[in-house]
Amino acid sequence: MVDNILHLRVIENKDWATVLFVLSFAVIAITKSAFESRFSDFAKLIYSDKYTSIYKESSNLKSGFTISLFFVQIISLAFFIQLSFATFGFGSKTDWVLHIQITTLLVFFILSKFLIEKIIGTAFEMEEFVEQFNLHKLTFRTYMGLFILPVNIILFYYDSISRIFLTIIIVIVIIINILTYLISIKNYQNIIFSKLFYFILYLCALEIAPYYFMYYWFTKGIT
């Protein structure tokens, strides 16, 4: 007599991710249609500074174009973080609850940081510079978010993700962030040097310390 052993088959639900990916591309398509000329300049950001030269005023920080693509950026970065966690064994890439947690943390972190920067900028009488500086960084990070969106799709639906490949992508993302800071500092060097002391305080308090504490919290939390 042969004993049949039944194994529970776990079916991963990926529908929620598909909806978010489709929604992201829909937002991109609508934004491209509504801001055709601006989107065209934005798409050339990797080799042209026309976009940053035209749309450098702080008022563009709250424009429909910026907000809509910021939404896509959040989805893209949240997926990238979740895929990184899953690849290194700290979660599942199909866990929609984890995705919500990461998204909530991202939004809270970015908005809190923006609010604190605005308060400090007002206190140091450099509010206009802080907003323009943030807009410049946001522009490049949004571009990076759109760039890694198709990478996220490939990694999400591909069952075997190479840690080496993902590590290379993470290194590229970090390098892009560093270059973003350097480009931003170069573009606003005259203002920065005129308020060098305040800028150093701003850099240490809001650009270095938050990421250090997040790294410390994460590394301590998994040991």
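A brief structural summary. (Residues numbered from 1 in each chain as written. Predicted model: local features only at pLDDT ≥ 70, side-chain atom pairs only at ≥ 80, totals over all residues. Heavy atoms only, no water.)

The next subject is the environment of L155. Looking at where L155 falls in the secondary structure, it is placed in helix α6 (residues 127-157). In this structure L155 comes out as buried when scored by relative accessible area, which is 4%. Placed 68 residues apart in sequence, L155 and T87 show a C-alpha to C-alpha distance of 9.8 Å. Aside from chain neighbours lying at most four places away, what touches L155 is L83, K93, I161, F165 and L166. (Helix = DSSP H or I, 4+ residues; strand = E, 2+ residues; numbered from the N terminus. Buried < 20%, exposed > 50% of the residue type's maximum accessible area, 1.4 Å probe, protein only. Contact = heavy atoms within 4.5 Å.)

Looking now at the nonpolar core. A general tendency of soluble globular proteins is for nonpolar side chains to be buried together. By size, the foremost hydrophobic cluster in this structure holds 39 residues, and its most contacted members are I28, F42, F79 and F156. Elements with a contribution of two residues or more to this core: α1 (15-34), α2 (36-43), α4 (64-87), α5 (96-123), α6 and α7 (163-187). No other element matches α4, which puts 11 residues into this core. F42 has contacts with Y51, F65, L69, T139, T142, Y143 and L146, leaving out every residue within four places of it along the chain. (Core = buried A, V, L, I, M, F, W, Y, C linked by side-chain atoms within 4.5 Å.)

Applying the stated criterion across every chain yields a total of 1 salt bridge. D41 serves as the salt-bridge partner of K50, at 3.6 Å between the closest nitrogen and oxygen. A relative accessible area of 44% places K50 in the partly exposed class. What makes D41 buried here is its relative accessible area of 8%. (Salt bridge = Lys/Arg side-chain N within 4 Å of Asp/Glu carboxyl O.)

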